[in-house]
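# Structure assessment
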Amino acid sequence: MLIVDLSDPPPIGVTGPPGVVVAIGESSTAEGEYWLDTATFALTDTEHEDRRFVTVESVSDTVADLSERCRRWPHASAVCDDVLRSVDVTGPALPGIVTESLAYSTLQAGPEFARWLAERGPAKLPDIPDPVLAERDGATLRIRFNRVKRHNAFSTDARALLLEALTVALLDGTVTEVVLGGNGPSFCSGGDLGEFGTFADPAAAHLARTRHSPALALDELTRRLGRTCRAEIHGRVLGSGLEMASFCGWVSCRPDAVLGLPELMLGLIPGAGGTLSVTRRIGRWRTAYLVLSGRTIDPVTALAWGLVDEVSPSGAA
């Protein structure tokens, strides 16, 4: 990880991917603008509307924490930075989803993910009936994650049922509203860690992610329905849960929500479309911060960043 001061002059003759670059300081000079555009993100302890900045309580403590995380997961950190710089948030979703998935599969075959699997040890995945529930109410299709005891951790069977419900909405023009939510204390706590590593072949895993993608279905529904394809989030909204919600045209968030992208601790990056969906909402800089720092944010910060569209009264979402 490279630390740069915003007042430093830009380098001469440097080519290739810059890697993780964290900028610090304040500057309105040409040098500052260069580093703000080049950096993975900039840290400050003052409030900034510029989404290239992330405001933290202590810049020095955050730099130390980021340095340690990039040292522990150098491959995942660098790949995350590469993908976020490569994904075109203004273009169609498919190229971004494919780019993310190929990078994710690369990391699945790498030493950092293997180390996490070894540290985790054998895992047993419980058989939970009806992991996703779908109910039609007139023109509204309500879809709810239903693995309550695991905070709706996202599993292969949940993905299949979610995609089935979303496909119904895509094929039925009389569905004019889709509402995505979660039963129990959380919306979705991310991928079920008990399933990680069950795909022995990263290439097959890539094909499964891209050929059976709820992200692409949600993106298409939002393109068609706009704000009436909405997510109602609460509790733990982590990893794939946040990534999928971010594709929706409107995200309503309860005050108890905790939002974040914790995949780096597995030696991975977001793999459910988040490098596209979250970046569309908050820019590559703050998306990179969420991944590389592993820190969570509260609904007030999420609203200020544009990650959610409203913070609803408790119990209203």
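Residues numbered from 1 in each chain as written. Predicted model: local features only at pLDDT ≥ 70, side-chain atom pairs only at ≥ 80, totals over all residues. Heavy atoms only, no water.

For the protein chain, an unreviewed UniProt entry supplies the name Enoyl-CoA hydratase and the organism Mycolicibacterium helvum.

Further remarks concern the sheet that holds strand S4 (residues 53-55). In a beta sheet, neighbouring strands are held together by backbone hydrogen bonds and run either parallel or antiparallel to one another. Taking strand neighbours across the sheet as the criterion, the four strands line up as S1-S2-S3-S4 in an open arrangement whose pairing is parallel. Of all strands in the sheet, those bounded by a partner on one side alone are strand S1 (2-5) and S4. Across this sheet, the average inter-strand angle for adjacent strands is 30°, counted without regard to direction. Strand direction decides the pairing type here: strand S2 (residues 21-24) and strand S3 (residues 41-44), joined by three bridges, are parallel. Each bridged residue has a counterpart across the sheet, and for Ile-24 the counterpart in S3 is Leu-43. In the packing of helix H2 (residues 59-72) onto the sheet, the strands contacted are S1, S2 and S3, and the crossing angle to S3 comes to about 140°. Running at roughly 75° to S3, helix H10 (residues 274-293) makes contact with S3 and S4 of the sheet. (Pairing = 2+ DSSP bridges. Helix = DSSP H or I, 4+ residues; strand = E, 2+ residues; numbered from the N terminus. Axes fitted to C-alpha atoms, helices over the stretch in contact; angles between N-to-C directions. Contact = heavy atoms within 4.5 Å.)

Attention now moves to the nonpolar core. If you look at the biggest cluster of nonpolar residues, it comprises 76 residues, and the most contacted ones within it are Phe-41, Ile-233 and Leu-259. It is H10 that provides the largest number of residues to this core, a total of nine residues. With near-sequence residues (within four places) excluded, Phe-41 lies in contact with Val-21, Val-22, Ala-23, Arg-52, Val-54, Leu-66, Trp-285, Ala-288, Tyr-289 and Leu-292. (Core = buried A, V, L, I, M, F, W, Y, C linked by side-chain atoms within 4.5 Å. Buried < 20%, exposed > 50% of the residue type's maximum accessible area, 1.4 Å probe, protein only.)

With that out of the way, let us pick up the pattern of salt bridges. Considering all chains together, one arrives at 15 salt bridges under this definition. For Arg-52, the salt bridge is made with Asp-37, and the minimal N-O distance between the two is 2.8 Å. You can see Arg-52 sitting in the loop between S3 and S4 and its partner Asp-37 sitting in helix H1 (residues 30-38), a full 15 residues away along the chain. For the salt bridge of Glu-177 with Arg-230, the shortest nitrogen-to-oxygen distance reads 3.1 Å. Here Glu-177 is found in strand S7 (residues 177-182), whereas its partner Arg-230 is found in strand S8 (residues 229-233), with 53 residues between them in sequence. (Salt bridge = Lys/Arg side-chain N within 4 Å of Asp/Glu carboxyl O.)

A few words now on the side chain of Ser-155. For Ser-155, the position within the fold is in the loop between strand S6 (140-145) and helix H6 (156-171). Given a relative accessible area of 3%, Ser-155 falls into the buried group. Within the structure, the side chain of Ser-155 is placed 2.3 Å from the side chain of Asp-157, a separation counted as a polar contact. Beyond its immediate sequence surroundings of up to four residues, Ser-155 is in contact with Arg-147 and Glu-195. (Polar contact = N/O pair within 3.5 Å; in protein donor to acceptor, adjacent residues only side chain to side chain.)

Right, let's talk about the side chain of His-206 for a bit. Along the chain, His-206 turns up in helix H7 (residues 202-211). Excluding residues that lie within four positions of it along the chain, His-206 makes contacts with Val-98, Ser-101, Leu-102, Ser-105 and Arg-211.

Right, let's talk about H7 for a bit. The complete set of buried residues in H7 reads Ala-205, His-206, Ala-208, Arg-209 and Thr-210. Where the residues of H7 are buried, they touch helix H4 (93-108), H6 and helix H8 (214-225). Among the residues of H7, the N-terminal cap falls to Asp-201, whose side-chain oxygen and the backbone nitrogen of Ala-203 are separated by 2.9 Å.

For the rest of this paragraph, the subject is unusual backbone geometry. Positive phi, normally seen in glycine, also occurs at Asp-130, with a value near 50°. Structurally, the position occupied by Asp-130 is in the loop between helix H5 (111-120) and strand S5 (132-137). Within the chain, His-151 stands out as a residue other than glycine whose phi angle is a positive 50°. Of note, His-151 is situated in the loop between S6 and H6.

This next bit is on the environment of Leu-94. With respect to the element layout, Leu-94 can be found in helix H4. For the pair Leu-94 and Asp-219, spaced 125 residues apart in the sequence, the C-alpha separation amounts to 9.5 Å.

For the rest of this paragraph, the subject is the packing of aromatic side chains. Geometrically, a pair of aromatic rings is defined through the distance of the ring centres and the angle of the planes. One pass over the full model with this rule turns up six aromatic pairs. Here the aromatic rings of Phe-113 and Trp-116 are separated by 6.0 Å at their centres, their planes lie at 15°, and the arrangement is stacked. Note that Phe-113 and Trp-116 are positioned in helix H5 at a spacing of three residues, about one turn of the helix. The exposure class assigned to Trp-116 is buried, which follows from its relative accessible area of 11%. Members of the aromatic cluster, joined through ring pairs, are Phe-113, Trp-116 and Phe-196. Its end group placed over the ring of Trp-250, Arg-227 keeps NZ or CZ at 3.9 Å from the ring centre. (Phe/Tyr/Trp six-rings, centres within 6.5 Å; stacked < 30°, edge-to-face > 60°. Lys NZ or Arg CZ within 6 Å of the ring centre and 35° of its normal.)

Turning our attention to the sheet that holds S5. Within the open sheet, the six strands sit side by side as S5-S6-S7-S8-S10-S12. Their pairing is mixed. On the outer flanks of this sheet lie S5 and strand S12 (310-311), each paired with one strand and no other. As paired elements, S7 and S8 share three bridges and run parallel to each other. Bridge pairing in S8 places Leu-180 opposite Ala-231.

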